[in-house]
Amino acid sequence: MSFSQLNVDLFRSINDLGGQYPAFNPVAVFLAENMLYVLILGMIVYWFTRREKNRLMVFNAAAAAVIAEASGKMAGLIYSHNQPFASLPHVNKLIEHAVDNSFPSDHSILFFSICASFWLMRRKEGWVWLILAICVAISRVWVGVHYPVDVLAGAFIGITSALFVYWIVPNISFIQRLLLIYEKAEQRVLPSKNKSRNL
């Protein structure tokens, strides 16, 4: 069996679940379309806890996402294919999506770069974020807009970017100074009895 056929067969095994278990389709649609807002809200909440570790984590996550997205664009120039619903018959397509290059999955890139960054700095709750990223990746296949190879490539790019940033950023003193400048400015606008570096 060729890799291409394996990719299609795995897509079918996941996507067909929508027809077999239609009660779960609304969950898959929510994960595929709306979970991004939960991720953004999580980053905002972490940032405004005013803890140094959380702010560095959010900075790492944002930097990893930028690097991952740029890497994903380059990967898309090397290899490309349309979405399953545009290439295969009888796809269980549950959401609207334009026909374009679906490799790699932007959602997987974004979720895994950010959620892996969370896991690297907050291991206990980080597992919840990683599970969320996996669920979103599966949901993109379930709703018919990505092949498994798209989300796996996105996950690889996202996790690799998160690791790169996690290893590099602590060695850049400029980042620490930048966060300190921001915290001083914030303290003037939103005074707090406890400064973030003391929490």
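In what follows, the structure referred to is the one given above.
Definitions and limits used
- Residues numbered from 1 in each chain as written.
- Predicted model: local features only at pLDDT ≥ 70, side-chain atom pairs only at ≥ 80, totals over all residues.
- Heavy atoms only, no water.
- Helix = DSSP H or I, 4+ residues; strand = E, 2+ residues; numbered from the N terminus.
- Expected span 1.5 Å × (residues − 1).
- Buried < 20%, exposed > 50% of the residue type's maximum accessible area, 1.4 Å probe, protein only.
- Core = buried A, V, L, I, M, F, W, Y, C linked by side-chain atoms within 4.5 Å.
- Contact = heavy atoms within 4.5 Å.
- Salt bridge = Lys/Arg side-chain N within 4 Å of Asp/Glu carboxyl O.
- Axes fitted to C-alpha atoms, helices over the stretch in contact; angles between N-to-C directions.
- Parallel < 35°, antiparallel > 145°, perpendicular 65-115°, else oblique.
- Nonpolar A, V, L, I, M, F, W, Y, C, P; charged D, E, K, R; others polar.
- Phe/Tyr/Trp six-rings, centres within 6.5 Å; stacked < 30°, edge-to-face > 60°.
- Polar contact = N/O pair within 3.5 Å; in protein donor to acceptor, adjacent residues only side chain to side chain.

Undergrad: Honestly, helix α3 (residues 25-47) in this entry has me stumped. Any pointers?
TA: The periodicity of an α-helix, 3.6 residues per turn, causes residues three or four places apart in sequence to face the same way. Here α3 contains 23 residues, and its C-alpha end-to-end distance of 33 Å stays within 8% of the 33 Å for a straight helix at 1.5 Å per residue. For α3, the set of buried residues is Asn25, Ala28, Leu31, Ala32, Met35, Leu39, Gly42, Met43, Tyr46 and Trp47.

Undergrad: Would you explain the nonpolar core in this entry?
TA: In globular proteins that are soluble, nonpolar side chains generally tend to be buried together. The biggest cluster of nonpolar side chains holds 54 residues, and the ones touching the most others in it are Leu39, Phe111, Ile114, Cys115, Phe118, Trp129 and Leu132. Those elements that place two or more of their residues in this core are α1 (3-15), α3, α4 (52-78), α6 (106-121), α7 (123-142), α8 (148-168) and α9 (173-189). Of all the elements, α6 adds the most residues to this core, at nine residues. With residues up to four places along the chain from it excluded, the contact list for Leu132 reads Leu31, Met35 and Phe111.

Undergrad: How should I be thinking about the pattern of salt bridges in this particular structure?
TA: Where charged atoms from two side chains of opposite charge approach closely, those side chains can pair. Under the defined criterion, the tally for this structure stands at one salt bridge. Measuring nitrogen to oxygen at the nearest pair gives 3.1 Å for the salt bridge that ties Glu125 to Arg122. For Arg122, a relative accessible area of 24% translates into the label partly exposed.

Undergrad: Explain the packing of α1 against α7 here, please?
TA: Each pair of packed helices can be summarised by the angle the axes make with each other and by the distance between the axes. Running from N to C, α1 and α7 point in directions that differ by 95°, and their axes come no closer than 8 Å. When the axis of α1 is compared with that of α7, the two are roughly perpendicular. When α1 is examined against α7, the residues Phe11, Ile14 and Asn15 are found in contact with a partner set consisting of Ile138, Val141 and Trp142. For the contact of α1 with α7, a count of residues per class yields five nonpolar, one polar and no charged.

Undergrad: Just checking my understanding: could you explain the environment of Phe164 for this structure?
TA: In this fold, Phe164 is placed in helix α8. With 100 residues separating them along the chain, Phe164 and Ala64 place their C-alpha atoms 7.8 Å apart.

Undergrad: Just to check I follow, could you spell out the side chain of Asn60 for this structure?
TA: If you trace the backbone, Asn60 turns up in helix α4. Exposure remark for Asn60: the relative accessible area of 3% places this residue in the buried category. In this view, Asn60 contacts Ser117, Met121, Val165, Tyr166 and Val169; residues no more than four positions away in its chain are not counted.

Undergrad: Any chance you could explain the packing of aromatic side chains here in plain terms?
TA: Note on aromatic pairs: each is described by the distance of the centres and the angle between the planes. In the structure shown here, the tally under the stated rule is seven aromatic pairs. Residues Tyr21 and Phe24 carry aromatic rings whose centres are separated by 6.5 Å and whose planes lie at 70° to one another, so their mutual orientation is edge-to-face. Ring geometry for Trp119 and Trp127: centres 5.4 Å apart, planes at 75°, overall edge-to-face. What links up through ring pairs into an aromatic cluster is the set Tyr46, Phe118 and Trp129.

Undergrad: I tried to follow the side chain of Ser161 on my own but got confused; where do I start?
TA: Tracing the chain through its elements places Ser161 in helix α8. Polar side-chain contacts of Ser161 include one of 2.8 Å to the backbone oxygen of Ile157.

Undergrad: What should I look at first to understand the environment of Ser87 in this one?
TA: Its location among the elements puts Ser87 in helix α5 (residues 84-87). Sequence spacing of Ser87 and Val99 is 12 residues, and the spatial spacing of their C-alpha atoms is 9.8 Å. If we ignore the near neighbours within four places in the chain, the residues touching Ser87 are Asn82 and Tyr147.

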